[in-house]
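For reference, the chains in residue letters:
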Amino acid sequence: MEALLDYDLLLVVVVGFAAQLVDGALGMAYGATASSLLLGLGVPPAVSSATVHAAECFTTGASAISHHTFGNIDKRLFRRLLLPGMLGAAIGAYVLVQLPGDAIKPWIAGYLLLLGLMILAKAFREIVSKRVTSHLIPLGFVGGLIDAIGGGGWGPIVTTNLLARGNEARCTVGTVNAVEFFVTFTASVVFLITLGVQHWQIVVALGVGGVIAAPVGGWLVKHLNPRWLMLVVGLLVVGLSLRTLYLTVWS
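Residues numbered from 1 in each chain as written. Predicted model: local features only at pLDDT ≥ 70, side-chain atom pairs only at ≥ 80, totals over all residues. Heavy atoms only, no water.

## Concerning helix H9 (residues 169–194)
A rise of 1.5 Å per residue sets the reference length of H9, with its 26 residues, at 38 Å; its end C-alpha atoms lie 37 Å apart and thus fit the reference within 8%. For H9, the principal kink sits at Glu 180 and spans about 25°. Two or three places before Arg 170, at the opening of H9, Glu 168 has a side-chain oxygen 3.1 Å from that residue's backbone nitrogen. (Helix = DSSP H or I, 4+ residues; strand = E, 2+ residues; numbered from the N terminus. Expected span 1.5 Å × (residues − 1). Bend = angle between axes of the 7 residues up to and from the residue. Polar contact = N/O pair within 3.5 Å; in protein donor to acceptor, adjacent residues only side chain to side chain.)

Here's what the structure looks like:
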């Protein structure tokens, strides 16, 4: 824990900026990036997840406002994901405090690896967007549950699933980012009640970097070509999944 007190907070701000820039443009990876940093510094999984979610309350709020401003939100999709995501986050945060969350990581990584490969395949075909309307409630619940347990995962699970099923890229990223604020806030409240939130200097540094990056990500997703967006998302998901499998299974 002493490493956190001596750590270069400016670097944490940069990490928060980069993580939110990727998250705002691609709909994922803020939690994975920030959690990896904290876990690498020796922070326990529950404390790491609590710290990241506290910072995300600021970054996802700014991101949601940015995506709304740029017209990237599908209101119907937003409503269908909102309550299941919040419920999953509340249960996941409570479970993480009681049990280690690392056991299910390989299974989630394998699932995401398959979805990432599906997205890459779609990126090289003619893109025909459709509005996904089925299985949104269980998708939101599972996304919120895994996000809270793993310190990240809402975007990789929900965004990846929707894109793999053909939902339009810009509104998928914008809507999932907007719902993420409420998912993150719910998990943070549970963590605050059960653990308290430690390391406020890290929370503030991550939050500052993320808030600065949020408008850039909201603008970027509106101007990216959908095919390139899917290609980058697919590569990111495959890379993160392989890294998780390597660290949890093969190392």
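## A short note on the packing of helix H5 (residues 75–98) against helix H8 (residues 154–164)
In the contact formed by H5 and H8, the axes pass within 14 Å of each other and the chain directions differ by 145°. For the crossing formed where H5 meets H8, the hand is right-handed. In this structure, H5 contributes Leu 77, Leu 81 and Gly 85 to the contact, and H8 contributes Trp 154, Val 158 and Leu 162. Across the contact of H5 with H8, the residue classes tally to five nonpolar, one polar and no charged. (Axes fitted to C-alpha atoms, helices over the stretch in contact; angles between N-to-C directions. Left-handed = near helix turned anticlockwise from the far one by under 90°. Contact = heavy atoms within 4.5 Å. Nonpolar A, V, L, I, M, F, W, Y, C, P; charged D, E, K, R; others polar.)

## Digging into a nonpolar patch on the surface
A contiguous nonpolar patch, built from Leu 242, Tyr 246, Leu 247, Val 249 and Trp 250 and spanning about 530 Å² of accessible area, is present on the exposed surface. Structurally, Leu 247 is set in helix H11 (residues 226–250). (Patch = residues over 30% accessible without salt bridge, like charges linked within 9 Å, V, L, I, M, F, W, Y side chains within 5 Å. Areas by Shrake-Rupley, 256 points an atom, 1.4 Å probe, with all protein chains shown as cover. Salt bridge = Lys/Arg side-chain N within 4 Å of Asp/Glu carboxyl O.)

## A word on the packing of aromatic side chains
Throughout the structure, instances matching the rule amount to three aromatic pairs. Judged by centre distance (5.9 Å) and plane angle (80°), the rings of Phe 78 and Phe 182 are edge-to-face. With Phe 78 in helix H5 and Phe 182 in helix H9, the pair connects residues that are 104 residues apart, well separated along the chain. Here the aromatic rings of Phe 181 and Phe 182 are separated by 5.1 Å at their centres, their planes lie at 80°, and the arrangement is edge-to-face. Connected via pairs of aromatic rings, a cluster forms that spans Phe 78, Phe 181, Phe 182 and Phe 185. (Phe/Tyr/Trp six-rings, centres within 6.5 Å; stacked < 30°, edge-to-face > 60°.)

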